[in-house]
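Each chain, letter by letter, is given below.
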Amino acid sequence: MIYLDHAATTPVPRAVADAMYEVLTDQFANPSAQYAAGLAMKRRLDQWRMTVAGALDCPPERLYFTSCGTEGDTWAVTAGCWQNRRLGRHIVTTAVEHSAVLEACRWMERQGYEVTYLSPDRNGAISAEAVLAAVRPDTALVSVMLVNNELGNVYPITDIARGLREKNPDTLLHTDAVQGFLKVPFSVGTLGADLVSISAHKIGGPKGIGALYIGQRLRSPRPLIPGGGQEGGLRSGTEATAQIAGFAKAVELRQARLSEQLAHLAHIREYAAQQLSAIPDLELIGGGAPHILAASLVGWPSQNIVNDLSAQGICISAGSACHRGKPSHVVAALHLPKRTAGSVIRLSFGPETTEADIDACTEALRRHHDERMPML
Ligand code: PLP
């Protein structure tokens with residue numbers, strides 16, 4: 001199998017699976033237990049939290065484990081609005097956020113909030129100026145992703161944070177950094193966001209574990225799950241120790257070779273852009289992050305391309321994997337001509353991706369172009 005869908009999810013390295021196995025079998029104690037094995041597990045949990053927090057450069061006590069990026073996004077939107085409930089009932093976000101943020105915003109609309117959804121330009125870009133222009137005195141929360149999962153565009157979070165401090169310092173800023181974490185270098189300090197959500201399975205960790213950074217401007221954050229008091233009393237439930245162990249190990253592995261891996265990703269993306277550009281009728285779209293390349297084989301429906309390549313053992317995606325065949329809201333927001341929009345595909349890369357993988361994919365795309373009739 002040639003796997004070019006690392007923005008959907010990533011393979012778990014053996015060392016990550018081993019770290020999880022140990023915690024599932026030998027070292028299985030509940031970190032809340034008061035005997036030696038429980039206390040030892042609590043110390044390990046603290047260590048794993050420090051590892052993940054270290055990669056964000058935030059204090060470990062400000063990092064809360066969640067079940068996934070979707071949970072972190074939902075919590076961030078609701079907690080940000082709750083914190084600023086006296087400031088106002090307006091949210092600024094973008095039309096190209098992941099459904100995790102969009103659906104949380106729609107839920108807030110049903111609670112009486114007004115949401116401004118900003119559209120990108122034809123290439124997926126959104127400027128800090130456009131975001132700041134939408135901010136009003138009653139804006140409780142701004143939520144803008146760091147890296148778009150379908151296009152790879154990187155959004156100017158640091159500039160938005162700086163502008164917000166001048167225009168409306170009380171407005172809180174959330175960024176969904178699920179696709180940016182360990183792909184574009186950042187720390188919560190340099191970003192300046194109050195809430196930052198991440199997910200393990202995009203960086204070689206297991207599915208079913210993520211984390212949310214909650215900054216100190218959220219003085220007493222609204223608990224997501226009241227109960228036994230885990231995660232500082234904000235997100236109860238026995239900690240998913242094996243998932244967390246796997247998350248920390250994945251972070252450790254990626255961090256140990258980060259600059260080398262980022263250079264490799266950038267090289268692979270550049271190589272793929274060059275190879276694909278030589279295919280007739282192919283247009284590249286958006287871009288910025290080193291691991292995502294979006295393109296349109298104008299006129300050839302994207303789902304047919306995905307099916308054809310899948311039959312040859314090549315995994316790419318037609319827009320976000322979360323949409324399963326439904327037209328992507330991200331592509332729709334670009335307002336491209338119908339034939340271009342209906343033909344958008346996404347290739348996304350990991351440390352394991354080789355030039356040979358790209359060559360095989362390019363060849364399959366070229367054959368699809370030459371042997372199939374355009375239908376759009
Ligand atoms: N946000 C972005 C930008 C994503 O790409 C994804 C996953 O595709 C998510 C949030 C959701 O993360 P999870 O799958 O961990 O719920």
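Procedures and definitions
For every chain, the first residue of the written sequence is number 1, and numbering continues from 1 onward in sequence order. Under the rules for a predicted model, residues below a pLDDT of 70 receive no local features and side-chain atom pairs below 80 are neither given nor counted, while totals for whole chains, interfaces and linings still include all residues. Side-chain descriptors were evaluated using all non-hydrogen atoms of the structure, hydrogens and water having been removed beforehand. For helices the rule is a DSSP run of H or I covering at least 4 residues; for strands it is a run of E covering at least 2, with both sets numbered from the N terminus onward. Computation of the radius of gyration draws on C-alpha atoms, with the globule rule given as 2.2 Å multiplied by the number of residues to the power 0.38. The cut-offs for exposure are 20% and 50% of the maximum accessible area for each residue type, with area from a 1.4 Å probe on protein chains only; residues under the lower value are buried, those over the upper are exposed, and the others partly exposed. The contact criterion used is simple: two residues touch if any of their non-hydrogen atoms lie within 4.5 Å. With residues, only the protein chains shown are counted as cover, and all accessible areas are computed by Shrake-Rupley using a 1.4 Å probe. For the charge count, each Lys or Arg is scored as positive and each Asp or Glu as negative, with His and the chain ends excluded. Charge coordinates come from a single atom per side chain, which is NZ of Lys, CZ of Arg, CG of Asp or CD of Glu. The start and end points of each domain follow an automatic or database-based domain assignment. Once two parts are put together, the accessible area they lose, assessed with a 1.4 Å probe and summed over both, is termed the buried area. We count a salt bridge whenever a side-chain nitrogen from Lys or Arg sits within 4 Å of a carboxyl oxygen from Asp or Glu. Note on ring pairs: Phe, Tyr and Trp rings are taken, using the six-membered ring of Trp, and paired if centres are within 6.5 Å. Classes follow the plane angle, with under 30 degrees stacked, over 60 edge-to-face and the rest tilted. By definition, being over a ring means that NZ of Lys or CZ of Arg is both within 6 Å of the ring centre and within 35 degrees of the ring normal. One heavy atom within 4 Å of a molecule or strand is enough for the residue carrying it to be called near that molecule or strand. Polar contact is defined as a pair of N or O atoms within 3.5 Å, subject to the rule that within protein one atom must be able to donate a hydrogen and the other to accept it, and that residues adjacent in sequence are counted only when both atoms are side-chain atoms. Strands were regarded as paired on the criterion that DSSP finds at least two bridges between them. For helices, the axis comes from a line fit to the C-alpha atoms of the stretch in contact; other axes are also lines fit to C-alpha atoms, and the angle between any two N-to-C directions lies between 0 and 180 degrees.

Draft legend 1. Up close: the overall build of the protein chain. Of regular secondary structure, the protein chain possesses 13 helices and 12 strands. Against the compact-globule benchmark of 21 Å for 376 residues, the protein chain has a radius of gyration of 21 Å, which places it among compact chains. Dimensions of the protein chain, computed from C-alpha atoms along their principal axes, come out at roughly 65 × 55 × 35 Å. For the protein chain, the proportion of its 376 residues judged to be buried stands at 56%. Put simply, of all contacts in the protein chain between residues at least 6 apart along the chain, 73% involve residues at least 24 apart. A total accessible area of about 15,600 Å² is found for the protein chain, and carbon and sulfur atoms account for 53% of it. Taken together, the 35 basic and 37 acidic charged side chains of the protein chain have centroids lying 6 Å from each other.

Draft legend 2. Structural detail: the domain arrangement of the protein chain. You can read the domains of the protein chain as domain 1 (14-256) and domain 2 (258-371). For domain 1 versus domain 2, the separation of C-alpha centres amounts to 28 Å. The interface is formed by 27 residues belonging to domain 1 together with 28 residues belonging to domain 2. Approximately 2,200 Å² of surface area, both sides summed, lies buried where domain 1 meets domain 2, with 56% of it carried by carbon and sulfur atoms. In terms of surface lost to domain 2, no three residues of domain 1 exceed R122, E150 and L151, which account for 33% of the buried area on that side. Counting across the domain 1 and domain 2 interface gives zero salt bridges.

Draft legend 3. Highlighting the packing of aromatic side chains. By the definition in use, this model includes two aromatic pairs. Geometrically, the ring pair formed by Y64 and W75 is edge-to-face, given 5.8 Å between the ring centres and 70° between the ring planes. Here W75 lies in helix 3 (residues 69-83) and Y64 lies in strand 2 (residues 63-66), a separation of 11 residues in the sequence. The same class applies to Y64 as to W75, namely buried. A ring pair is formed by F65 and F247, whose centres lie 6.3 Å apart and whose planes are at 65°; its orientation type is edge-to-face. One end of the pair, F65, is in strand 2; the other, F247, is in helix 8 (residues 241-256), with 182 residues separating them in the sequence. Judged by its relative accessible area of 3%, F65 falls in the buried class. The side chain of R85 reaches across the aromatic face of W82, ending 4.0 Å from its centre. One cation-aromatic arrangement involves R222 over W82; the distance from NZ or CZ to the ring centre is 4.3 Å.

Draft legend 4. Structural view of the site of the ligand. Residues in contact with the ligand amount to 13 residues; listed here are only the nearest, G69, T70, D176, S199 and K202. Within the backbone of G69, a nitrogen or oxygen atom sits 2.8 Å from an oxygen atom of the ligand. Between the ligand and T70, the relevant distance is 2.6 Å, taken from an oxygen atom to a side-chain nitrogen or oxygen of the residue. Computed on the free molecule, the ligand has an accessible area of 390 Å², of which 90% lies beneath the protein chains in the complex.

Draft legend 5. Geometry of the sheet that holds strand 10 (residues 292-297). The three strands lie next to each other as 9-10-12, forming an open sheet whose pairing is antiparallel. In this open sheet, the two strands that pair with only one neighbour each are strand 9 (282-285) and strand 12 (344-348). Strand-to-strand, the axes of this sheet are offset by a mean angle of 30°, without reference to chain direction. Where strand 9 meets strand 10, four bridges bridge the pair, whose relative direction is antiparallel. Within strand 10, the residue paired with L284 across the bridge is A295. The strands touched by helix 9 (residues 258-277) are strand 9, strand 10 and strand 12; relative to strand 10, the strand with the most contacts, the crossing angle is about 10°.

Draft legend 6. Quick look at the sheet that holds strand 2. The mixed open sheet is built from seven strands, whose spatial order is 2-8-7-6-5-3-4. Each of the sheet's edge strands pairs with one partner strand only, and the pair in question is strand 2 and strand 4 (114-118). In this sheet, adjacent strand axes meet at a mean angle of 20° when their direction is disregarded. Across three bridges, the pairing between strand 5 (residues 139-143) and strand 6 (residues 172-176) is parallel. Opposite V142, over in strand 6, you have L173 as the bridge partner. Here helix 4 (residues 99-110) sits on the sheet and contacts strand 3 (90-94), strand 4, strand 5 and strand 6; the angle it forms with strand 4, its principal contact strand, is near 150°.

Draft legend 7. The arrangement of unusual backbone geometry in detail. Despite not being glycine, D57 has its phi angle at roughly 55°, a positive value. Within the secondary structure, D57 is located in the loop between helix 2 (36-56) and strand 2. Even without being a glycine, L182 presents a positive backbone phi close to 60°. Mapped onto the elements, L182 comes out in the loop between strand 6 and helix 7 (188-191). Classification of L182 by relative accessible area gives buried; the value is 9%.

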